[in-house]
Amino acid sequence: MLRIRKVADATTAVNRGAIAAAQKIMREQFSGMPEADIAKLPDQLSNPLKHRFVSRLFVAENGRDQTLGVALLLYFPDIGFSYLEIISTAKGRMGGGIGAALYERVREEARALGTQLYFECLPDDPALSPNPEIRADNASRLKFYERYGAFPIVNTAYETPVTPGATDPPYLVLDPLGSNDLPSRDKARKVVRAILERKYAELPASYVQLVVDSFKDDPVVLRAPRYVKSRRAPKGEVRQPGAPRIALVLNDEHTLHHVQDRGYVEAPVRIRSIMAELEPSGLFERLPTKRFSDRHIRAVHDGRLVDYIRKACLLAGSKKSIYPYVFPVRNAARPPKDETVLAGYYCIDTFTPLNESAYLAARSAVDCSLTAAEKVLEGAGLAYALVRPPGHHAETHAFGGFCYFNNAAIAANLLARYGKVAILDIDYHHGNGQQEIFYSRADVLTVSVHGHPSFAYPYFAGFRDETGIAPAAVTISTFRCPSTSPRSSTAMRSPRPYAASSASLRPISWSRSGSIRRAATPPAPGPTAPATSSSSAA
């Protein structure tokens, strides 16, 4: 398994470990990079005002949490562009698609920021790169980028070395990310000045001005394809060129759970109606559901609740259902022994049945949600788990509201290991399950937009004064519908939401003084593992 995640800061132990692993890769693969530039990475992530750009670190990891590659993206919000500073696999990890996965994730991030992507790449021109071996490596990287529509900007002096006569100065490459709108001359000059002055702080002002003034084309001109033939997008394609499809995980076993008792409204037609709209769009890629251990459920729900739901559903079988009819909750220390009476001990209402199909469908819904979460950890920008039965009413010790296991909370609990997570729950009925589960946790932001509990299910949770227990600070807004019935929006904490990541290139460190510092040359990449390259300044 390969996952790519974004490391926002060094506030958690997991993130600190990822940053240390990234620094190790930088030391091993960029031997010419000054130690000070490597050591400043944590400060660079946490202090954008100081460095005058926002740093976004991406790490590629396997199932054992080993870091296989790293990418560092710089975002310049005042000018509106992104710059790929470093991208590299770990030592001995060339091939296997790590570089492509990392670069694709960086592209997704730059697109999400509303920017185009710039970076440096060493030249394939014999006049600039006289060494045939080095030039072949450079050509492999440029070929790799051409597949994504990224090309060097031509007719400029960007590849002029600071030291006259030095070899292999870099091109400035632009990846428009599928857009036909290339930057104007003025915009390109601002971009180049920002790169040279903020990233290469030691450059002479006269050199910076020389390079900036050399950008005369308006808009800029990209080099014609040299290695990859241009291809038309398939007829009817609605995605932007190169944009990934949204991962879709569907709970196929939801049809088992078809309760036809009077008053039961949570029906299979809901999934069929949604899929009827999604499938023709061409925006989604259907993925198989993986099976996950019960430990993920038990990390969120009390083990006694999990055991009871499974046992009672098996006891009821497929022909009948157990409904709560008495609620013996006043003496929590002495739960009843009878399985049918226990339904009221664990359930919050009288209309959520227990039967064999309910358990199978609910258990499969958990697997779908975790499959989607894992896909995000592997680098997908978006993943959609379409499941039933739902889960947002299920609490640590209780089920109800047609919900058995809290799918969103179980997925969020997994993702929270790698960064802060946000849950947005938009439903007429308040998501009391997420509220209760994360009420005192600072790593998951829970937002619920719902009908006021004075008149809407579940009636006992979702009030404005339910603000969480420290350190889970809460912000609450109240909206009133035209009918004057209030709708509450409750937000517990306000951490940065979780986001996942990706990118990687063959390690070469270049300094504008003109010297090339190469790591040990890895074997040439095969056809399924395009040459990875790196963009870095010493």
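Note that this is a predicted model, so its numbers are computed, not measured.

## What to know about the sheet that holds strand β9 (residues 284-287)
Stage number 1. On the basis of which strands lie adjacent, the open sheet formed by three strands has the order β9-β8-β10 and parallel pairing. Each having just a single partner strand, β9 and β10 (383-386) make up the two edges of the open sheet. If you compare each strand with its neighbour and ignore which way they point, the axes differ by 30 degrees on average.
Stage number 2. Relative to β10, helix α9 (residues 269-278) is tilted by about 145 degrees, and along the sheet it contacts β8 (246-250), β9 and β10.
Stage number 3. With respect to the sheet, helix α13 (residues 356-377) is in contact with β8, β9 and β10, its orientation differing from that of β10 by roughly 180 degrees.

## Some details on helix α14 (residues 407-415)
Stage number 1. With seven of its nine residues buried, α14 lies for the most part within the structure.
Stage number 2. Listed as buried for α14 are N407, A409, I410, A411, A412, L414 and L415.

## Looking at the pairing of strand β3 (residues 67-76)
Each regular strand carries side chains that alternate between the two faces of the sheet.
Stage number 1. β3 sits mainly inside the fold: ten of its ten residues count as buried.
Stage number 2. One ladder, built from eight bridges, connects strand β2 (residues 54-62) with β3; its direction is antiparallel. Residue pairing in the sheet places R56 in a bridge with L73 of β3.
Stage number 3. Counting the residues that bridge the hairpin from β2 to β3 gives four residues, and of these D65 lies at a positive phi of roughly 65 degrees.

## Here's the deal with the pattern of salt bridges
Stage number 1. Scanning the entire structure with this criterion turns up 25 salt bridges.
Stage number 2. A salt bridge links R5 to E61, with the nearest nitrogen and oxygen atoms 3.0 Å apart. Taken together, the residues span a long stretch of sequence, with R5 in strand β1 (residues 2-7) and E61 in strand β2 at a distance of 56 residues. For the pair shown, R5 and E61 are each scored as buried.
Stage number 3. Between E197 and R193 there is a salt bridge, with its nearest N and O atoms 3.1 Å apart. Taken together, the residues E197 and R193, both in helix α7 (residues 185-199) and four residues apart, mark about one turn of the helix.
Stage number 4. Exposure remark for E197: the relative accessible area of 38% places this residue in the partly exposed category.
Stage number 5. Taken together, the shared-partner salt bridges connect R291, D294, R298, D307, R310, R363 and D367 into one network.

Here is what the cut-offs are and how they apply
Residues numbered from 1 in each chain as written. Predicted model: local features only at pLDDT ≥ 70, side-chain atom pairs only at ≥ 80, totals over all residues. Heavy atoms only, no water. Pairing = 2+ DSSP bridges. Helix = DSSP H or I, 4+ residues; strand = E, 2+ residues; numbered from the N terminus. Axes fitted to C-alpha atoms, helices over the stretch in contact; angles between N-to-C directions. Contact = heavy atoms within 4.5 Å. Buried < 20%, exposed > 50% of the residue type's maximum accessible area, 1.4 Å probe, protein only. Salt bridge = Lys/Arg side-chain N within 4 Å of Asp/Glu carboxyl O.

Shape descriptors only; they carry no functional weight alone.
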